[in-house]
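Observations on the three-dimensional arrangement
Spelled out from the first residue to the last, the chains are:
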Amino acid sequence: MKVGIIGLEYAGKKSLFTLLTGKQESNISPAKEEIGTVNVPDERVDNLAEFYKTNKKIYSQIEFHLVPSIKKDSQETNKALVEAKEMDMFGLVIRQFKEENVYHPYETIDIIRDYETIKHEMIFADLFLVESRLERIEKQIHSKKEDILLKEKDLLLHLKESLEKGT
């Protein structure tokens with residue numbers, strides 16, 4: 001399973017990532033996506049290994065991706081979120097702690113505003129993907145009319161309409 005950890009700058013994403021993965025914070029680059037893999041212990045695997053008398057155990061794994069920080073209306077944010085489309089789920093980290101020595105991109109703590117900012121940036125990234133696919137489909141439809149392309153176009157137009165409404 002792939003889990004993307006996303007949020008605004010200085011929200012605590014890196015701290016959460018290091019706690020979950022055990023990676024040293026000093027080895028993490030803020031400019032690129034970091035990946036940490038964690039085994040999920042399962043007593044059923046242990047029981048099977050004991051039953052079959054083997055030392056080899058392969059546990060399920062969770063792959064945590066520390067996605068670069070979200071910045072409102074940023075090309076870098078859009079690129080990072082588009083690249084993160086292969087995640088199975090996202091963990092949103094929203095800052096609620098007050099610490100005068102830690103910078104906040106909007107200067108005040110407001111979890112609703114921060115959540116809405118993240119949500120809208122994710123919608124913009126989805127809209128970018130939908131519009132890109134619509135452009136490619138239009139080119140394909142002109143060369144060959146296939147029912148599947150027309151159905152996909154209809155679906156994408158519906159998705160585009162919903163995303164433009166903010167849903």
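Residues numbered from 1 in each chain as written. Predicted model: local features only at pLDDT ≥ 70, side-chain atom pairs only at ≥ 80, totals over all residues. Heavy atoms only, no water.

All right, on to the sheet that holds strand β4 (residues 89-93) then. The strand order across the open sheet formed by four strands is β2-β3-β1-β4, and the pairing between neighbours is mixed. Because the sheet does not close on itself, it has two edges, and the strands there are β2 (34-40) and β4. Averaged over all pairs of adjacent strands, the angle between their axes in this sheet comes to 25°, without regard to strand direction. Inspection of the sheet shows strand β1 (residues 2-7) paired to strand β3 (residues 60-66) by four bridges, in the parallel sense. Bridge assignment links V3 to a residue of β3, and that residue is F64. Docked against the sheet, helix α4 (residues 111-143) engages β1 and β4, running at close to 150° with respect to β4. (Pairing = 2+ DSSP bridges. Helix = DSSP H or I, 4+ residues; strand = E, 2+ residues; numbered from the N terminus. Axes fitted to C-alpha atoms, helices over the stretch in contact; angles between N-to-C directions. Contact = heavy atoms within 4.5 Å.)

It is worth spelling out the environment of G22 at this point. Locating G22 in the fold gives a position in the loop between α1 (13-21) and β2. Classification of G22 by relative accessible area gives exposed; the value is 54%. Linking G22 and Y59, residues 37 residues apart in sequence, is a C-alpha distance of 17 Å. (Buried < 20%, exposed > 50% of the residue type's maximum accessible area, 1.4 Å probe, protein only.)

Counting residues in each nonpolar core, the largest one holds twelve residues, listed as I6, L8, V67, I70, A80, L81, V82, A84, M87, I118, M122 and A125. Of all the secondary-structure elements, those providing two or more residues to this core are α3 (75-83) and α4. (Core = buried A, V, L, I, M, F, W, Y, C linked by side-chain atoms within 4.5 Å.)

By the element assignment, T21 lies in helix α1. At 3.3 Å, the side chain of T21 forms a polar contact with the backbone nitrogen of K23. Dropping the residues within four chain positions of it, T21 is found in contact with G36, V38 and F64. (Polar contact = N/O pair within 3.5 Å; in protein donor to acceptor, adjacent residues only side chain to side chain.)

What follows covers the packing of α4 against helix α5 (residues 147-164). Packed helices, taken two at a time, are described by their axes: the angle between them and the distance between them. Running from amino to carboxyl end, α4 crosses α5 at an angle of 155°, the nearest separation of the two axes being 9 Å. Between α4 and α5, the crossing angle belongs to the class labelled roughly antiparallel. For the crossing formed where α4 meets α5, the hand is left-handed. Between α4 and α5, the residues in contact are I123, D126, L127, V130, E131, R133, L134, I137, E138, Q140 and I141 and L149, L150, E152, K153, L156, L157, L159, K160, L163 and E164, respectively. Grouping the amino acids of the contact of α4 with α5 by side-chain chemistry returns twelve nonpolar, one polar and eight charged. (Parallel < 35°, antiparallel > 145°, perpendicular 65-115°, else oblique. Left-handed = near helix turned anticlockwise from the far one by under 90°. Nonpolar A, V, L, I, M, F, W, Y, C, P; charged D, E, K, R; others polar.)

It is worth spelling out the confidence of the model for the protein chain at this point. Of the residues in the protein chain, 93% reach a pLDDT of 70 or more, and the chain-wide mean stands at 85. Mean pLDDT in the protein chain bottoms out at α3, which sits at 71, and peaks at β4, which reaches 93. (pLDDT = per-residue confidence, 0-100.)

One can find H65 in strand β3. For H65, a relative accessible area of 5% translates into the label buried. In this structure, H65 is in contact with K2, V3, G4, I5, E33, E34, I35 and M87, ignoring residues within four places of it in sequence.

Below, the discussion takes up α4. Look at α4: 49 Å from first C-alpha to last across 33 residues, which is about the 48 Å you get at 1.5 Å a residue. The backbone nitrogen of I112 has a side-chain oxygen 3.2 Å away, supplied by the residue at the start of α4, namely D110. (Expected span 1.5 Å × (residues − 1).)

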